[in-house]
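Take a look at the letters that make up each chain.
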Amino acid sequence: MIRQDGLNGQAFMCIDSPGKHDFTFTPSISLYINCETEDEINLLFEKLSENGKVFMPLGAYPFSSKFGWVADEYGVSWQLNLSKK
C-alpha cells in the first residue's frame, strides 16, 4: 500500500510491505522541525511523544535553547527545535 500525506505543505511517501524484514524504523533518520513558538514546540512534543518514546526530553541544550527528540507511537523519529529569533 502506498500512501501520500502532507505535513505543512511538504509531501511524504511511506511504503508498506507485506513481506517480513529484519529491520524496522530506527531513530537514525529523523524528521527535523524548526518550531516558531514555544506553544508550537510544546504541543508537538506532547502529541508526538504520546504513546511513543522520548530520546531527549524537551529542554535547553548547548546547541539549542529548546530541543526535544521523540519517536511517535509508530516509531517515526522527530527532532523538534525552537528557532532563534
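Residues numbered from 1 in each chain as written. Predicted model: local features only at pLDDT ≥ 70, side-chain atom pairs only at ≥ 80, totals over all residues. Heavy atoms only, no water.

Side note on the nonpolar core
Here comes step 1: If you look at the biggest cluster of nonpolar residues, it comprises eight residues: Cys-35, Ile-41, Phe-45, Leu-48, Val-70, Trp-78, Leu-80 and Leu-82.
Here comes step 2: Where this core is concerned, the elements lending two or more residues are helix 1 (38-49) and strand 6 (77-82).
Here comes step 3: Excluding residues within four positions of it along the chain, Val-70 makes contact with Phe-45, Leu-48, Ser-49, Lys-53, Val-54, Phe-55, Val-76, Ser-77 and Trp-78. (Core = buried A, V, L, I, M, F, W, Y, C linked by side-chain atoms within 4.5 Å. Buried < 20%, exposed > 50% of the residue type's maximum accessible area, 1.4 Å probe, protein only. Helix = DSSP H or I, 4+ residues; strand = E, 2+ residues; numbered from the N terminus. Contact = heavy atoms within 4.5 Å.)

A word on the confidence of the model for the protein chain
Here comes step 1: Mean pLDDT over the protein chain: 85, with 80% of residues reaching 70 or higher.
Here comes step 2: Within the protein chain, no element has a lower average pLDDT than strand 1 (residues 2-7), which sits at 53, and none a higher one than strand 4 (residues 53-61), at 97. (pLDDT = per-residue confidence, 0-100.)

Digging into the packing of aromatic side chains
Here comes step 1: A complete count under the given rule lists four aromatic pairs for this structure.
Here comes step 2: Aromatic pair Phe-63 and Phe-67: ring centres 5.0 Å apart, planes at 80 degrees, arrangement edge-to-face. (Phe/Tyr/Trp six-rings, centres within 6.5 Å; stacked < 30°, edge-to-face > 60°.)

Some thoughts on the sheet that holds strand 5 (residues 64-71)
Here comes step 1: An order of 3-6-5-4 is seen for the four strands of this open sheet, with the pairing classed as mixed. At either end of the open sheet lies a strand with only one pairing partner, and these are strand 3 (30-35) and strand 4. Within this sheet the neighbouring strands show an average axis-to-axis angle of 10 degrees, counted without direction.
Here comes step 2: Both strand 4 and strand 5 contribute to a ladder of five bridges, which runs antiparallel. Paired with Tyr-61 across the two strands is Ser-64, which belongs to strand 5. (Pairing = 2+ DSSP bridges. Axes fitted to C-alpha atoms, helices over the stretch in contact; angles between N-to-C directions.)

A word on the environment of Leu-82
Here comes step 1: Looking at where Leu-82 falls in the secondary structure, it is placed in strand 6.
Here comes step 2: A sequence separation of 16 residues divides Leu-82 from Lys-66, and the C-alpha atoms of the two residues are 5.4 Å apart.
Here comes step 3: If we skip the residues at most four places from it in the chain, Leu-82 touches Cys-35, Glu-36, Thr-37, Glu-38, Ile-41, Ser-64, Ser-65 and Lys-66.

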